[in-house]
Amino acid sequence: MSQSRKASVSRKTKETDITIEINLDGSGKSAIDTGIGFFDHMLDAFARHSGYDLDVSAVGDLHVDGHHLVEDTGIVLGQAMAEALGDKRGIARFGEARIPMDEALAEVAVDISGRSFLVMNADFFSPVVGTYSTQMTKHFFESFASAAGINMNMKVEGDNDHHKTEALFKAFAYAMKRATVIEGQEIKSTKGVL
């Protein structure tokens, strides 16, 4: 593999200040600090199960709520993913995973196509898990997919919102891990670009 698949991206607005470093060829190490405990847990699970090294430092207007911080973290993570992938030469491009967590079952399929789209079927019963808004799960993945140029199809079933959210993040991790593995030197597209 000739190129380094690493990126460091920062974004500062009046609402948030976020820096993310990612290494797609890491070992799943992470240092996550967003100020939202459950969100930290989800990003740590994403790093661990994808095998990506991930550092996230995020400060935001949590006195308002977590919306801006979670959304902007999705944007910056997507930008870092796109930068780390470069021209996407040699990647598998497609990845999928089915991950259970107790009664919950999540399914995620991704296409690193350069075209963003999210379909997500998930119903949550509680407004929050800890201080994390369950509404933000879809919004995080929308923000990531848009910034990264990735088509994502996600669904989860179950009774416990903690289990459902965690299963989604883990399935997302495994699907991305499989889609970003290097399989050769070609760009997997009839267009010649992704």
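Look up: the structure comes first, before these words.
The structure contained in this document is the topic of the report that follows. (Residues numbered from 1 in each chain as written. Predicted model: local features only at pLDDT ≥ 70, side-chain atom pairs only at ≥ 80, totals over all residues. Heavy atoms only, no water.)

1. Quick look at the pairing of strand 1 (residues 6-12)
Then comes step 1: Relative to strand 2 (residues 16-23), strand 1 runs antiparallel, the two being bridged by seven bridges. Pairing of K12 across the sheet is with D17, part of strand 2.
Then comes step 2: Counting the residues between successive antiparallel strands, the hairpin from strand 1 to strand 2 contains three residues. (Pairing = 2+ DSSP bridges. Helix = DSSP H or I, 4+ residues; strand = E, 2+ residues; numbered from the N terminus.)

2. Details of the pairing of strand 2
Then comes step 1: When strand 2 meets strand 4 (residues 53-60), the two strands line up antiparallel, connected through eight bridges. Its bridge partner being in strand 4, I18 is matched across the sheet by A58.

3. Topic: the side chain of R5
Then comes step 1: Here R5 shows up in the segment before strand 1.
Then comes step 2: Exposure remark for R5: the relative accessible area of 5% places this residue in the buried category.
Then comes step 3: At a separation of 2.9 Å, a polar atom in the side chain of R5 contacts the side chain of D25.
Then comes step 4: If we skip the residues at most four places from it in the chain, R5 touches I22, N23, L24, D25, A84, L85, I91, T180 and I182. (Buried < 20%, exposed > 50% of the residue type's maximum accessible area, 1.4 Å probe, protein only. Polar contact = N/O pair within 3.5 Å; in protein donor to acceptor, adjacent residues only side chain to side chain. Contact = heavy atoms within 4.5 Å.)

4. What to know about the sheet that holds strand 3 (residues 30-33)
Then comes step 1: Taken in spatial order, the four strands of this open sheet run 1-2-4-3, and their pairing is mixed. Each end of this open sheet is capped by a strand with a single partner; those strands are strand 1 and strand 3. Strand-to-strand twist in this sheet, taken as the mean axis angle between neighbours without regard to direction, amounts to 5°.
Then comes step 2: Packing against the sheet, helix 1 (residues 37-50) makes contact with strand 3 and strand 4, and its axis sits at approximately 160° to strand 3.
Then comes step 3: Taken strand by strand, helix 2 (residues 67-85) contacts strand 1, strand 2 and strand 4, and its axis lies near 35° from that of strand 2. (Axes fitted to C-alpha atoms, helices over the stretch in contact; angles between N-to-C directions.)

5. A short note on the pattern of salt bridges
Then comes step 1: In this structure the tally under the stated criterion is ten salt bridges.
Then comes step 2: Here D25 and R5 are joined by a salt bridge, their closest N and O atoms 2.9 Å apart. Pair noted here: D25 is in the loop between strand 2 and strand 3 and R5 is in the segment before strand 1, with a separation of 20 residues, a long-range link.
Then comes step 3: For D25, a relative accessible area of 34% puts it in the partly exposed group.
Then comes step 4: Here D87 ties to R89 by a salt bridge, and the two come within 3.5 Å at their closest N and O atoms.
Then comes step 5: Among the residues examined, R89 registers a relative accessible area of 41% and is labelled partly exposed.
Then comes step 6: Residues joined in a network through salt bridges with shared partners are R98, E107 and K155. (Salt bridge = Lys/Arg side-chain N within 4 Å of Asp/Glu carboxyl O.)

6. A few points about the packing of helix 3 (residues 136-148) against helix 4 (residues 161-180)
Then comes step 1: It is the contact of helix 3 with helix 4, at a shortest axis distance of 11 Å, that shows an interaxial angle of 20°. Our classification of the angle between helix 3 and helix 4 gives roughly parallel. Relative to helix 4, helix 3 is oriented so that their crossing is right-handed. On the side of helix 3, the interface is formed by T137, F140, F141 and F144, while helix 4 contributes T165, L168, F169, F172 and M176.
Then comes step 2: Here the contact of helix 3 with helix 4 is composed, by residue class, of seven nonpolar, two polar and no charged. (Parallel < 35°, antiparallel > 145°, perpendicular 65-115°, else oblique. Left-handed = near helix turned anticlockwise from the far one by under 90°. Nonpolar A, V, L, I, M, F, W, Y, C, P; charged D, E, K, R; others polar.)

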